[in-house]
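Structure at a glance
Residues per chain, in single letters:
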Amino acid sequence: MSLHRLFPLILVVALLPFGSAHAATSIRLEAENAALSGGAVVASDHSGYSGTGFVAGYTDGNKATAKTTFTVSTASTGSYSLTLGYANGTGSAKTLTLTVDSGSPQQITLPATANWDSWATINSVVSLGAGSHSVSYSFGTADSGNLNLDYLDVAQAMAAAGTYEAENAALSGGVVVAGDHSGYSGTGFVAGYTDGNKGIAATAFTVTTTAAGSTPVTLRYANGTGATMTLSVYTNGSKTLQTVLAATADWNTWATKTENLPLDAGTNTITYEFDTTDTGNVNLDDITVGTPLPTPSGQVYPAASAFAAGGPTMATALSGYYGPGYLTGFTTQGALADFTVNAPTTGTYPVTVAYANSTGSSQTVSLYLNGIKNGQLSAASGSGWLTLTANVSLRAGVNVVGLKTDSGDSGNLAVNYIAVAGGQPLAGRGATTPYTEYPAAAAQTNGTVLPASTTYPSLQAESTGRRAVQLTSTGQYVQFTLTKAANAIVVRYSIPDNSDGSTATAPLAVYASGNHITDLALTTKYSWLYGGGYTDTHDPSNGPAHHFYDETRALIGSQPAGTVIKLQKDSADTAASYTIDVLDAEQVDPAYTMPANFKSITDFGVTPNSGADDTSAINRALSSLSGTGTGLWFPTGTYNISGQISMANVALRGAGQWYATLQSTAVNGAGGLFATSGVNQIADLTVAGDQTDRNNNAGAAGVEGNFSAGSLIFDVWIEHTKVGIWTDAGNGLDVVNARVRDVFADGVHFNGGTTNSRVAQSVVRNAGDDELALDTENGNVTGCVLANNTVQSPIQANGIGVYGGGNNLVADNLVADTVAFGSGITVSTAFGGGFTGPTTVQDNTLTRAGSFNSNWGSALGALWIYANQLDITQPVLVAGTAIDNSTYQAVLLSYAKQISNLGLTQDTISGAGTYGIDIEDVTGSMAAEGVTVSGAQSGGLNNPNGYTINRGAGDSGF
């Protein structure tokens, strides 16, 4: 934020009436030329603003006074769109008050931007009469303020559907207005979507609507190639979908394609781009923007975001659907669609299914909740899109609502969405976690806050945000005020190892609002490794120490919001120091009860918490239940295993992550779950290993094996194993709401032969290798999705690694605090058979990512694309990625081979430790469009060998 001198000016502009349905012309009013009062001032100490400056001063000291007033003169009465450009680098949404003339004030919410150099817009639609009006944005007494204002765009809102000619749109990247074919509307059409402009060709339409919602937008195009072609559609800067454009008879014949796009009320930008993952080679005539579809009641979860296996595919042929499309293909037995939904509290919720069934008779599918069959739904026949509603019991937080064609179901319907009355949206990026994370460095303490450092090895380099709190004296504490009620905590900690590398243990006291409630049992058994890479041991003579952190968890009784949870070094707490990184606090449901069609492990002679070795009994139980449709249930308790637990065509569930634990007693041995074949389900339990270091020739994954379509891993916690989850092969595996912590190799690894599988809404922290990986070493990996995951503190590799394959998607993930030997996201031919199709990396956020590889003596970027064993020539698209405060380069291309068909689109780089984009010893070319670099300490671009960069519109800073 900035405080500068006030320059009170008034800008008056007249808006003329609009007489056609073409794009409305907007008028930009610069905030620095508006009337400023109450401490609002003109500033210019951040980059990226338009005009000659921006308005700052909306600080807490100017609350109730700071105001920016624009004066607008309109020639006719109508609805007008007000688009405010602003920056909000506070990290959380803020509010201001909008007032038009002397009308009623309206509070508006302005989401956070990546930093103070990143700018966003917020739209409001207001009714204005002909004449002069004042439009003010003030820091009211009920507002949170603390943001900067750049400009106000004013345009008359369209009253109805309108057609926008492509020749009047903003053209870039080689597209041009042409007229050498017949049949177009207006004065021409847009050509230039040729292979020579791949990655940069774009046509951007500015449209205005009176209401927000899923809006039909019809593109008129010609495609005389004789083959189906594709373009990418961006809505307000974010990739929405890839549109598929069928061939037309010739270049003089025009066709239309309608897609539903998510538009805001007011001004929107709709862009048709020829991305590197598209085939392009079409001409555009115009778009027609329809009326927004009615918004369904409840929280909508669209079919386009569901996980489908066993038959369902996306379609758009039926008219009137909501959102980007619908699923069809439920006629095959086993066909499944999993919708991930979010409930605010545990309870009963009406769930509505929007479907189409014109068969003339009712169709049936089975309803599943978190993998458990809940009943059969009957969908009556009728015209158009219909709905049915069922009352279901949901847990607080993430749930999986499944629609599946079982034996006895007909399944002949299409599904558009489900809506949960009282449901909540899922997190936009990263996992929707059941806990709130409280960093110790931001908490109250009388201990020592370790200064931020990325130096490896060090405690800070492995800490969240590179800072932590250390308690060294009796009475020192760090305390956290709960913002939500909680009955359970997880503490990420480090205590000193014994000098000879043997295990050290120590307690640590926990207080709630001043009352001692428990002591945590801390250990170095699973931390403090010594060595320079992947052959680390617990012998200090092996090399420098690292992997300092471990975690422990405890149920602490019900604590309301506002409770102060204190971790304190008492006189009985014997460790020389306690380093606290974060505390996670959550409200855990009571233990679950055994569902129908399950049999308890106690029926097979196993007693919970007995301390006996239950391996053989569990294997016998699973073998007897294989293929019967009856699953195996684990009530509350700990079950010791000393070897592999094998399962095939069976479900294994427990009383909950916090209640049922499979505990390996085989130190660095084979204790873990192994799926040999078939449709398997693992849910609601913890797999706790006894792996103490990395040994590639010994140890086990928490879950490993082969999975058929319809397999589910849900709500599983895995810790202290060699690997969290490893697929040897799989087709149609869904991993949802997993927690993988403190493992010594990969977190979740889809190995060669894995297809059409997903990891979503999961958290991986403190893994010794890639935290999420797609790896083609033993076969191709295709059609897989890594989406909405939170990936933190990978110790010796990448946050996310994609090693070959095709048609894979990495989207909406948060990756933070890479420690050493890796990047935030890497796309590479380091392992496996190379790339066989397009790879899309979209809408991810990389924070404090990238590291140094001391074995190679080289810095690694937050986003690292490298071709070392094979060239990368299949399309790779990196779109909508935010890279903030990378340790070294934000983007690195390297390794002496060809990298072609790479596209960077609408990516934002801020605060790189060295270069924004660093290109080292590679051949080929890439396209960059809408890529912005700011604050890179060594410069925006390092390209010493002249690697070809084809630039489109909107690039800056490099």
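Residues numbered from 1 in each chain as written. Predicted model: local features only at pLDDT ≥ 70, side-chain atom pairs only at ≥ 80, totals over all residues. Heavy atoms only, no water.

1. Quick notes on the overall build of the protein
The helix and strand tally for the protein stands at one helix and 86 strands. The C-alpha radius of gyration computed for the protein amounts to 29 Å, which stays within 12% of the reference 30 Å derived for 958 residues, consistent with globular compactness. Considered along the principal axes of its C-alpha atoms, the protein spans approximately 85 × 70 × 60 Å. Buried residues in the protein amount to 59% of all 958 residues. Long-range contacts, defined as pairs at least 24 residues apart, comprise 76% of the intrachain contacts of the protein with a sequence gap of at least 6. Summed over its atoms, the accessible surface of the protein is roughly 31,900 Å², and 49% of this surface lies on carbon and sulfur atoms. Computing the positive centroid from 33 side-chain charges and the negative centroid from 68, the protein places the two 6 Å apart. (Helix = DSSP H or I, 4+ residues; strand = E, 2+ residues; numbered from the N terminus. Rg over C-alpha atoms; globule rule 2.2 N^0.38 Å. Buried < 20%, exposed > 50% of the residue type's maximum accessible area, 1.4 Å probe, protein only. Contact = heavy atoms within 4.5 Å. Areas by Shrake-Rupley, 256 points an atom, 1.4 Å probe, with all protein chains shown as cover. Lys, Arg positive; Asp, Glu negative; His and termini not counted. Charge placed at Lys NZ, Arg CZ, Asp CG, Glu CD.)

2. Here we look at the nonpolar core
Grouped together as the largest cluster of nonpolar side chains are 81 residues, with contacts concentrated most on I618, F634, L893 and L902. Formed jointly, this core draws a minimum of three residues from each of two domains, domain 5 (600-654) and domain 6 (682-945). Once you skip the residues sitting within four places of it in the chain, L902 turns out to touch T276, I865, V876, V878, L893, S925, M926 and A927. Among the nonpolar cores identified, the runner-up in size contains 30 residues, and V55, A66, L82 and L84 belong to it. (Core = buried A, V, L, I, M, F, W, Y, C linked by side-chain atoms within 4.5 Å. Domains from an automatic or database assignment.)

3. Some remarks on the UniProt feature "domain: CBM6" (unreviewed entry) in the protein
Per the UniProt annotation, the sites labelled "domain: CBM6" (unreviewed entry) are residues 27-155, 162-290 and 299-421. A distance of 6 Å separates the end C-alpha atoms of residues 27-155, which is 0% helix and 53% strand. Between the C-alpha atoms that bound residues 299-421 the distance is 6 Å, and the span itself is 0% helix and 58% strand. (UniProt positions renumbered as here; feature names shortened; annotations may be inferred.)

4. Things to note about the sheet that holds strand β31 (residues 372-379)
On the basis of which strands lie adjacent, the open sheet formed by five strands has the order β25-β28-β33-β30-β31 and antiparallel pairing. Strands with a single pairing partner mark the edges of an open sheet, and in this sheet they are β25 (307-309) and β31. With direction set aside, neighbouring strand axes in the sheet form an average angle of 25 degrees. Inspection of the sheet shows strand β30 (residues 363-369) paired to β31 by seven bridges, in the antiparallel sense. (Pairing = 2+ DSSP bridges. Axes fitted to C-alpha atoms, helices over the stretch in contact; angles between N-to-C directions.)

5. Notes on the pairing of strand β6 (residues 67-74)
A large share of β6 lies buried, amounting to six of its eight residues. When strand β3 (residues 35-37) meets β6, the two strands line up antiparallel, connected through three bridges. The residue of β6 that forms the bridge with S37 is K67. As judged from the eight bridges shared by β6 and strand β11 (residues 131-138), these two strands associate in the antiparallel manner. What sits directly across from T68, in β11, is Y137.

6. Observations concerning the sheet that holds strand β17 (residues 202-209)
A sheet is described by the order of its strands in space; here five strands give the open sequence β14-β17-β22-β19-β20, paired in antiparallel fashion. Both edges of this open sheet fall to β14 (170-172) and β20 (238-245), since each of them pairs with a single strand only. Ignoring strand direction, the axes of neighbouring strands in this sheet form an average angle of 25 degrees.

7. Let's talk about the domain arrangement of the protein
You can read the domains of the protein as domain 1 (27-156), domain 2 (162-289), domain 3 (299-420), domain 4 (435-586), domain 5 (600-654) and domain 6 (682-945). In this structure, domain 1 and domain 5 have C-alpha centres spaced 61 Å apart.

8. Thoughts on the pattern of salt bridges
Here the structure, examined in full by the defined rule, presents 22 salt bridges. Residue D406 is joined to K373 by a salt bridge in which the shortest nitrogen-to-oxygen separation is 3.1 Å. Of this pair, D406 sits in the loop between β33 (397-404) and β34 (414-420) while K373 is found in strand β31, placing the two residues 33 residues apart along the sequence. K373 sits in the partly exposed class, given a relative accessible area of 43%. The salt bridge partner of R741 is D584, with a shortest N-O separation of 3.9 Å. Placement of R741 in strand β60 (residues 739-741) and of D584 in strand β47 (residues 578-586) is noted, with a sequence separation of 157 residues between them. Take R741: its relative accessible area is 1%, and that puts it in the buried class. Counted as one network, the salt bridges with shared partners bring together E437, E551, D584, R741 and R765. (Salt bridge = Lys/Arg side-chain N within 4 Å of Asp/Glu carboxyl O.)

9. Some remarks on helix α1 (residues 615-625)
Looking only at α1, the buried set comprises T615, A617, I618, A621, L622 and L625. In the core, the buried residues of α1 are packed alongside β49 (631-634), β50 (637-641), β51 (644-648), β52 (651-654) and β53 (660-664). Positive phi shows up at G627, right after α1, with a value of about 75 degrees.

10. A word on the packing of aromatic side chains
According to the stated counting rule, one finds 21 aromatic pairs in the structure shown. Ring centres of F205 and Y272 lie 6.1 Å apart, and the angle between their planes is 90 degrees; on these two criteria the pair is classed as edge-to-face. Of this pair, F205 sits in strand β17 while Y272 sits in strand β22 (residues 266-273); the two residues are 67 residues apart in sequence, bridging distant segments of the chain. Taken as a pair, F205 and Y272 share a single burial class, namely buried. Each ring, one from Y456 and one from F821, has its centre 6.0 Å from the other, and the planes form 85 degrees; the classification is edge-to-face. (Phe/Tyr/Trp six-rings, centres within 6.5 Å; stacked < 30°, edge-to-face > 60°.)

11. Examining the environment of L147
As for its position among the elements, L147 is in the loop between β11 and β12 (148-156). Assessed through its relative accessible area of 0%, L147 is described here as buried.

12. Details of the pairing of strand β18 (residues 213-222)
Burial of β18 is extensive: seven of the 10 residues sit out of reach of the surface. The pairing of β18 with strand β21 (residues 255-263) spans nine bridges and is classified as antiparallel. Each residue of the ladder has a partner; that of S214, found in β21, is P262. Judged from the six bridges that link them, β18 and strand β23 (residues 283-289) form a sheet pairing that is antiparallel. Each bridged residue has a counterpart across the sheet, and for A222 the counterpart in β23 is N283.

13. Description of unusual backbone geometry
In this chain, Y456 is followed by P457 through a cis amide linkage whose omega measures 0 degrees. Within the secondary structure, P457 is located in the loop between β37 (448-450) and β38 (468-471). Even without glycine at this site, N281 takes up a positive phi of about 55 degrees. Looking at the secondary structure, you find N281 in the loop between β22 and β23. Although it is not a glycine, D843 adopts a positive phi angle of roughly 55 degrees.

14. Looking at the confidence of the model for the protein
Reading predicted coordinates in detail is not appropriate for stretches of low pLDDT. This prediction gives the protein a mean pLDDT of 94; 97% of its residues lie at or above 70. Counting interchain partners and residues more than four positions distant, the pLDDT-below-50 stretch residues 1-24 has 86 contacts. (pLDDT = per-residue confidence, 0-100.)

15. Considerations on the environment of A591
Positionally, A591 belongs in the loop between β47 and β48 (598-600). Given a relative accessible area of 34%, A591 falls into the partly exposed group. For the pair A591 and D684, spaced 93 residues apart in sequence, the C-alpha separation works out to 9.7 Å. Residue contacts for A591: discarding those within four places in its chain leaves T636, A655 and Y659.

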